[in-house]
Every structure is written in structure tokens, then in C-alpha cells.
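Letter by letter, the chains look like this.
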Amino acid sequence: MAERLEEERREPGVLPGTLTGILREIADAPGASPPPAGDGGLRPGDSLGRFEIVRELGRGGFGVVYEARDRDLGRTVALKVVRTGDRTALREERLLREAEAAARLSHPNIVTIHDAGRCPQGPYLVLELLRGQTLDDRLDQGPLPVREALRVAVEIARGLAHAHAEGVVHRDLKPANVFLCEDGRVKLLDFGLAHALGRRRLDGGTPAYMAPEQWKGAPEDERTDVFALGVVLHRMLAEELPFPEGNGGKAVLSPRAAPALDVPGVPALGPFVARMLRKDPVDRPRDGAEVLSALGAFQREMDRTPSGPGLPARPHRASRRPLAVALAAAVLVALAAGAGLFLRSPPADGGGSGAVPVAVADFANQTGEAELDGLSGMLITSLGQSRRLSVLTRVRMLDVLHRLGKGNVEVVDEALGRELALSAGVRALLLATIRRFDQLYAIELKALDPVTSEYLFTLKEEGQGKSSVPGMIDRLSEKTRERLRETPEDVRASSKPVAALTTASLEAYQHYFRGERLKEAIRYDGAMEEYRKAIAIDPGFALAHYRIAYLGKFTVLPEGERSAAIEAALRNAQRVPEKERMLIQAWKAVMDGRGAEAHALYERVVEAHPQDKEALFMAGDQWLHEDDPVKALPYFERAVALDPAFEPALMHQADSLAMMGRTEEVTRVATRWVERDPSASAYRALAQARLASGKPEEAVDAARRALAIDGSSYSRGYFAESLLLAGRYAEAEEVFRPFATPSARPLDRLAGYSGLATALAYQGRLREALRLAEQMPDVAEGKEGYRRGLLLELRMAGGPTAWTLAEAKALARSGDEKLVRLAVVSLAMFGEVDSVTAAGAEFPPPLAEAVEAVLSWYRGDRQGALRKLRVMTNGHPDARALALCFLGRVALDGGDPRDAITSAEGFRTAHAGSWRSWAFPQALYHAAVAHERLGERAKARAKLDELLRIWRKADPDLPVLPEARALRARLGES
């Protein structure tokens, strides 16, 4: 607990992306004055703002690095100053690139940027101060033991994997840019030559570590860094470079391959390093993530063996044998290495990333029977029981193909299978054909080595009648596992018939398979229909029941139907694989409000299946719906790294960043998404980014584009919300009104009733809004839950009436997490201190602090409350909305009138649910009163005119309306 609190106290450094604007201003600023006589550098005791120079650490062509002390935070930092001179503009551009690239990254293996600024000596960056030595210095002392070299390489790969996922390539990776900290950490330095993918390429690099494409001036990508890491790892292991330096890159550009390495204790590591050093980028691992996966497996393999003598690796130099003999030997070595993969004993732990990667292409169905189209899914499910194999799910295969530019794939045939297998490091691609001869069905399966294009083995099964097909899949699965060197005992111990894990009905499975395709395409209504067809054929089909229970949340399926579906899935949970069984149990926990149990189950799934983007999304989604974006965001980022086009994760990534107030990052994510794929979802994310940035009119334009693309209720909701925050209430009313009818589809009906009620409330037509909310059909979770929450938000406009207080207290005991939070916030606003304490609700820290600040006011600590509220008006969106609302009220009750003005202006872009519909107009009235007290009559009139314009059709007895009219009359004309 103490360690967690200490972690929370630490300043996180500059958030990724926040330096771009600052550094551009620095780079665009006029050049520094000529330095004074002598060195012109900084000296111990000099100050740059809050930073006091302690001593110089080093200097080079770029400038000087100092040790400095941050007086405000009491920490020691590194301060990097770019020298002035004839090439100032070039150096400042370099600094800009370095800061922009590094500021996009936030990772334990990448040096953190804390601040930036300008001084007479030039622009500067403030970075974390590292203690230890560079890898270059360490290598001068001799080669690293294999175990240590592998550890350092894994840490470097972690940093690169993060950078590559963010679209940043280092381009100057070398031992001098790798820092070995005294505490064992490894940090990547100097992103000065990094560039965002797709940006203007800038020449650079260090000759000994430059890839062939860098020497040629050809396009570069993540594989350029992979080559450099290969050189670094080769040098760590063998104490020499793989290619001789000098001669303008002649050795690197020659066709001669890097010398092979013999690595004691990890024989497969040498060939992998050689693959990293391939001259053609296509032949290298795709990026840092792929390298990390492989090196991590080698590291775990070493950890399972006793420590050896720590001998260094030895390179094999080419002999003087004739070229043909040498090539033949190389081919034999390659074939032996490939065969060795399958001859190696199973990992001691039985699985993990050390398992053999396998992919299954879609069956070539030559029977003409549509219900046999989904057999690849059955075989994947059956093979997935193995702990010896790592079988790519079909979703994962589509992700890989999408990253290769193969979008909207309907069938993964042999050609596509080969491409994805090579990209994903698959060692065995399974290709199957099913044929029919009267009632005799035959399946032929071939296992292909995608690297050598050699067939590893061929299998064939036959059966009478279509009902024999699932049994044939079982036998093929068992034989495949044994051919890939899984012991017969292990196969028997983990082999259930595929019909027992899915369904015995091929027709039912074919509908389920179609549903999975539609779900992946975010066509949820169509997917739900296919799942229902599957259940109509096989009522015990647990996976189909689970999908209905899960997708029912997003299609606003009535709670009764969702509950029935999850109960049916649980009753038949013995008929699903282990992963899916945990997902079913987790979703049941979510539906029952057992959040802790759901988190634990999702974490188990994620640990066992780290490349399952859907499991990552679900784990993050649960945290996000508990209003904890900090814990949710890493899961969405991992899912997006696996599939950059995974819309649910991208959308929730944007949601999380917006909730955390990281508006610049929301904009960056959304903008890149629109540029890559101008879909409705991308434009919805851009609309959200514009709203988070306080640009509602731009949000309206983005949301309008989304609506034009797909016409969905999601896009309509974003469009209407943007109109509301832009103050275009009548237009929002017209968007919602056609769907506020019992005949509308459930999702449209929910948005129609609640959205129209909110639009009416903004216009002061509160009675009409309340009538509409009372008539709203049950379309959301908890039967009366959504309606009751909406009614409470609207009735808060009338103050602490008997009904409002009684309903808030009842909802505080409801057990529905979101309703409890709404009720507690309402009770806090009304000063019901005892009721809030009795509720004992748990909030995310920012919202909990805002509630406590409100309660402090009622307890008598007014100055402390005001101090906290003022800080929160620029913080977390939920806390900001509550702080703004309450600050405006108390500003006129013993506070500073100027706080009421701040509240009104802040509310223009603050999200606060339906209660903003009355809180914002009331904030305008409070601001008008404040302006009058300050003698600013013209500004007071402007605020009142704006309020009365919004409420021109308002209920005559609306709270503060008579007061607003009276004040406007008293102020007269200008």
C-alpha cells in the first residue's frame, strides 16, 4: 500500500504529445544572441527558471548536457542545451524532432522528457537524469555474458516495440544510445534522428549500425531499427561487428550475409540474429514487437536451464570452399534448423510464447455445401487445446493481413495464408481441402513450412455422411499435434471432441462462423441474427448464447434476454474451450456487478492469451465503465498495437484519453485514424477530440461526416451532442425527435428519448422534458435504472425538493454503480453530508476529490473547499464538471465573484450529462450577478441576454428565470 501511494506521488513527466506545440514555438523563435566572451556556457549556480545548474556532464557537436536541480520538485535532472552558432536553425530543428518524437512516447525503457524551454545559450530540454554507463562504455570492457546480453536486448526491444506502436522509428540505434542504469534498468536515448512514419525523411544514422536501406537512401521503417538492434546484439554476444566498418557501407551493401553465431545455451538465437541482419528488409522481423516476442522466448528458455560458464558467442567465418558447396551447406543448415524446431522437446511449462506458432487457412470447400465453409474455425478450436502449439485465431490472422494492406478479407486462402505466416513468424501453415463422393467425405490436410515452401507432412481422413466431419476434424487435430512433436500422452490429456467444445451441428456452427465475421466487421445486428439462427438449431450452443449476452449490451437488448442468454451459456459452459469459459464467467460477473471478480478473470485470460485483442478490449472496457481510464488505457493501447484498425479499441482509447484530459493525444489519435481510414468511427473519434479541445463547431462538422457515412445511431448521438455543446439546441431537438417514439429500434429509442429530453431542458422546457423522460420505454440496463437516472438529473434543476432527495437516497442504495455515483454527486451538491457518508460509494480519485471538496464547503472549511475546486476546474472531465457547477454557486455565497465567471466560461466545453442542461444556463446567471457586483454592467447584460435567448421558450416558473429577467430590467440598456 505504501509503495502504491509513493508511486501516485511521483510526477509522471510530460505526457506524450504535449511538447509538440511548445517546441515548435521554440524552433520558430528568433535566434539567440551571440554568446558572451569565452565558452558562453552555463556555470554551476546559474538558473533557468526553476532549474539550477549543478555541473556539466558532457558536450558534443549538438551542444552541452548539464546536471541540474529542479528546485520545485526537489529532484536532479539532465538539462540538454543546443549550442548557438552558424547551424543554430539546424540544431533547433534537430531538438524539435527529438522532443516531438520522445514526447509521443511514455515507456520505462525510453528516457523521459520533463520540460522544455529557451535560454540565451539556445533551446533546451529537461530529461530524467540517469546514473550508470552507456552500453558502448560497457562493451569497451569486454563482451557481455549471453544471459546479460539477452536481457539487455529484451529491454531495448521493449522500448522499440512501444515506439513502433506509436509510429516512431529511432533510426540511430547504437550502443552509445543505450544506457545501462545502476539499478539494472535499460533506457533508449536520443530520438534526435527519429521520425514519425509518413513524415519527411531526414538523413542520419551511425555508419556501423546503418541498415542497407539507409545507405541507399531508400524508404525506411521499423525494420531499420530491427537491423540496428541485430548489430548491437551481435556485438554484445561476439565482441565484434557483423560487417566491417568503413568503405562507405560496402560490406553492408554486399550480398554477403552476416556471420552466423554459435550461442551457448540458446542455439536458436544465432539464426534469429542473422535474420535480423538480413540485407532485404522484407526478410527481417517486422518490428520491435516481433523481436521482443522472439527474444523473450529465448530468455525464458535460458531461465529454464542451469547457468553455464557464460562463454561468449563465436561467429562462423566463411571458408574458402567453392561457392556452390558453401551454398549447399547453408541450405542443409537451414533445413536442419527448420526440422529442429519440431524435433525439440516441448517447453517445460508446456506453453507460453515458447510454443510453436501455427496458422490454419480457410478450408477449400469443394462439396458445394455452405455449412462446411467454417471448418477452419473448428480445427483452430480443436488445435487450441494444445499447450505445445500457439494457434493463431482467425481474428488474429485477419489482423496480420490488415497490417499487410489486405483489408476486407472474406477467405484466407493459401496465398494469403503464406503472406500472413511469413509476417507473423508462423512455422506451420495448415492447408486443408474437403471433397465429397456421394456420401463419402474426405479431408486432405497439408502442413507447409512458409519459409522453405516445403511440405512438412500430409494427412487424410475419410468418413461416411456429413455427420462424420467433426470426428474427422478431431483425428486430423490429434495427428497434427503428434506430427509437430507433441507427445501422445499430452495429446490424449488435452483432447476433447470439437463437437463437445462447440456444437455437433455443422449448420449451427456455420451460422456462428458467419456471426463471428459480422461481429469483427462491427455489424452487430447481423451478427446477433446469425447467433440466434445457430441457437435455433442447437439450443445448447454455449458460445452463441454468450455472444448474444455480450453484444446485447451494444445493441440495447432488454436485460431479461441478456440474462437468459448468459445463464444458458453458463449451463453449457462445459461445451466451450477454457478461454471462452473464463470469458463467460467474467461477463456474468460484469452483469451481476461483481467488478473485482470480472477484473481477475479478464486478467487471467489476458495473461494466457496476450495477443487476443478482444480479451484486451474487454479487460479495458470493464475499467472504463468503472470510470477508471488510467487502468483502462493500457489494455486499449495493446489491442490497437495488435490491430491498428480495431475500431472498438480505437474508440475507447480516445474515450480514455479524453476522460484523462489528454486532449492533444486524443486529437493525434483521431487525426491519424481519419488519415489512415476515413470511416464513420474515425470521424466520431475526431468529433470527440474536437469536443475535448473545446471546439464544438469543428466537432459538429466531424460528426456530420460520420453520420453521412453510416447513418448509425452512434453517429447521430455524436452529432447531436456536438450541437448541444455548440449551443445549437433547436437543431439537436430536430435530430432526436424522430426517434423519441416506441416504434423506433431500441438503440435509436434510447438516444431519442434521453437526447430529446436533454435538448428540451437546455431550452428551459423542463416540464416537457420531464414528461418525455417519464414516458421513456425500458430499453437499458436495470429496467427502471436509466429512466430514474435521467429523471434525477433533470429534477436537480429544481433544487433539493422532497422527491429529489428521496430518489437520490434510494438510488444511492440501488447497487447500480453508475446510478450510485450520480445519486451521491446529487446528494453532495445538496449538502446531504450524512447521506453521502452513509452511501460509502467508491469513486475514481479525481471525482472522489471533487465530492470531498463540495462536502468540505458544507462542513465549514470554505477556503479549503474553494482552493480544491479552483484546481479541479482544469482537471479530470467528471471532476471538472462538478467543480465548475458547485464553484459557480458558492462564488456568490461568501466566495470570490470572479469564480462564478470562471465557472460559466468553463461550462461552455465541460461534459456533464443531462444535468448540464440546467447547470450551464444557471452558471450564466451566476456570472451575470458576479459581473454586476464587480461593476461590469455591460458584461452582465451580455450574459443575461445569452441566457434569455436560450430560454426564450422556457417554463415561466423555471428556477432563476424570474431573477434573471428582473436583473436584466434593472441593468437597463447600454
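Residues numbered from 1 in each chain as written. Predicted model: local features only at pLDDT ≥ 70, side-chain atom pairs only at ≥ 80, totals over all residues. Heavy atoms only, no water.

With respect to the overall build of the chain
Next up, step 1: Helix and strand counts for the chain stand at 44 helices and 19 strands.
Next up, step 2: In the chain, which comprises 974 residues, the proportion classed as buried is 54%.
Next up, step 3: Considering only contacts within the chain whose residues lie at least 6 apart along the sequence, 60% involve residues at least 24 apart.
Next up, step 4: Carbon and sulfur atoms make up 52% of the accessible area of the chain, which totals about 42,000 Å². (Helix = DSSP H or I, 4+ residues; strand = E, 2+ residues; numbered from the N terminus. Buried < 20%, exposed > 50% of the residue type's maximum accessible area, 1.4 Å probe, protein only. Contact = heavy atoms within 4.5 Å. Areas by Shrake-Rupley, 256 points an atom, 1.4 Å probe, with all protein chains shown as cover.)

Digging into the sheet that holds strand β9 (residues 178–181)
Next up, step 1: On the basis of which strands lie adjacent, the open sheet formed by three strands has the order β7-β9-β10 and antiparallel pairing. For this open sheet the edge positions go to β7 (132–134) and β10 (186–188), each flanked by a neighbour on one side alone. Pairs of neighbouring strands in the sheet enclose a mean axial angle of 25°, with direction left out of account.
Next up, step 2: Two elements, β9 and β10, share three bridges in a ladder whose sense is antiparallel. By the bridge assignment for β10, L180 is matched with V186.
Next up, step 3: Across the sheet, helix α5 (residues 146–165) is in contact with β9 and β10; its angle to β10 comes to roughly 40°. (Pairing = 2+ DSSP bridges. Axes fitted to C-alpha atoms, helices over the stretch in contact; angles between N-to-C directions.)

Thoughts on the nonpolar core
Most often, soluble globular proteins keep nonpolar side chains buried together rather than apart.
Next up, step 1: Judged by nonpolar contacts, the single largest core of 219 residues is most densely connected at L375, I443, V469, I473, Y546, L794 and F907.
Next up, step 2: With ten residues, helix α42 (residues 916–933) is the single largest residue contributor to this core.
Next up, step 3: In this view, Y546 contacts I566, A569, L583, I584, W587 and M618; residues no more than four positions away in its chain are not counted.
Next up, step 4: Grouped together as the second largest cluster of nonpolar side chains are 48 residues, V154, I156, F227 and L229 included. (Core = buried A, V, L, I, M, F, W, Y, C linked by side-chain atoms within 4.5 Å.)

Here's the deal with helix α44 (residues 961–971)
Next up, step 1: Within α44, burial applies to L961, A964, L967, R968 and L971. Buried residues in α44, looked at end-on, bunch into an arc of 125°, giving them a common side. Along α44, exposed side chains directed more than 90 degrees from the buried face belong to A969 and R970.
Next up, step 2: Contacts made by the buried residues of α44 are with α42 and α43 (937–950).
Next up, step 3: Directly beyond the C-terminal end of α44, a positive phi value near 65° is found at G972. (Arc of directions from axis to C-beta.)

Thoughts on the side chain of D612
Next up, step 1: As for its placement among the helices and strands, D612 is situated in the loop between α23 (595–608) and α24 (613–624).
Next up, step 2: Those residues in contact with D612, other than ones at most four positions away along the chain, are K579 and L642.

Looking at the pattern of salt bridges
Next up, step 1: This structure, assessed with the given rule, holds 61 salt bridges.
Next up, step 2: In this structure, R71 and E52 form a salt bridge, with 3.8 Å as the shortest nitrogen-oxygen distance. Here R71 is found in the loop between β3 (63–70) and β4 (75–82), whereas its partner E52 is found in strand β2 (residues 51–60), with 19 residues between them in sequence.
Next up, step 3: R71 sits in the partly exposed class, given a relative accessible area of 41%.
Next up, step 4: Among the residues examined, E52 registers a relative accessible area of 30% and is labelled partly exposed.
Next up, step 5: R684 is paired through a salt bridge with D710; the nearest N and O atoms lie 3.1 Å apart. With R684 in helix α28 (residues 680–692) and D710 in helix α29 (residues 696–710), the pair connects residues that are 26 residues apart, well separated along the chain.
Next up, step 6: Salt bridges sharing partners connect three or more residues here, namely E567, K588, D592, R594 and E597. (Salt bridge = Lys/Arg side-chain N within 4 Å of Asp/Glu carboxyl O.)

Details of the packing of helix α18 (residues 506–520) against helix α19 (residues 524–537)
Next up, step 1: Their axes nearest at 8 Å, the elements α18 and α19 cross at an angle of 165°. The orientation of α18 with respect to α19, classified from their angle, is roughly antiparallel. Note on packing geometry: the crossing formed by α18 with α19 is left-handed. In this structure, α18 contributes E507, A508, H511, Y512, R514, G515, E516, L518 and K519 to the contact, and α19 contributes Y524, G526, A527, E530, Y531, K533, A534 and I537.
Next up, step 2: Split by residue class, the contact of α18 with α19 holds eight nonpolar, three polar and six charged. (Parallel < 35°, antiparallel > 145°, perpendicular 65-115°, else oblique. Left-handed = near helix turned anticlockwise from the far one by under 90°. Nonpolar A, V, L, I, M, F, W, Y, C, P; charged D, E, K, R; others polar.)

Observations regarding the confidence of the model for the chain
Next up, step 1: Looking at the chain as a whole, the pLDDT averages 80, with 84% of positions reaching at least 70.
Next up, step 2: The low-confidence segment residues 1–38, where pLDDT is below 50, has 54 contacts with residues more than four positions distant or belonging to other chains.
Next up, step 3: Counted against residues more than four places away or in other chains, residues 192–203, with its pLDDT under 50, gives 37 contacts. (pLDDT = per-residue confidence, 0-100.)

With respect to the environment of V400
Next up, step 1: Considering the arrangement of structural elements, one finds V400 in helix α13 (residues 394–403).
Next up, step 2: On the basis of relative accessibility, which here comes to 8%, the residue V400 falls in the buried class.
Next up, step 3: V400 sits 23 residues away from S423 along the chain, and the two C-alpha atoms are 7.4 Å apart.
Next up, step 4: When residues no more than four places from it in sequence are discounted, the contact partners of V400 are L420, S423 and A424.

Looking at unusual backbone geometry
Next up, step 1: Not every positive phi belongs to a glycine, and D438 is a case in point at roughly 55°.
Next up, step 2: Among the secondary structure elements, D438 is positioned in the loop between β17 (428–437) and β18 (440–449).
Next up, step 3: Exposure remark for D438: the relative accessible area of 67% places this residue in the exposed category.
Next up, step 4: Here R485, not a glycine, exhibits a phi torsion of approximately 70°, which is positive.
Next up, step 5: Examined against the element boundaries, R485 turns out to sit in the loop between α15 (469–483) and α16 (488–493).

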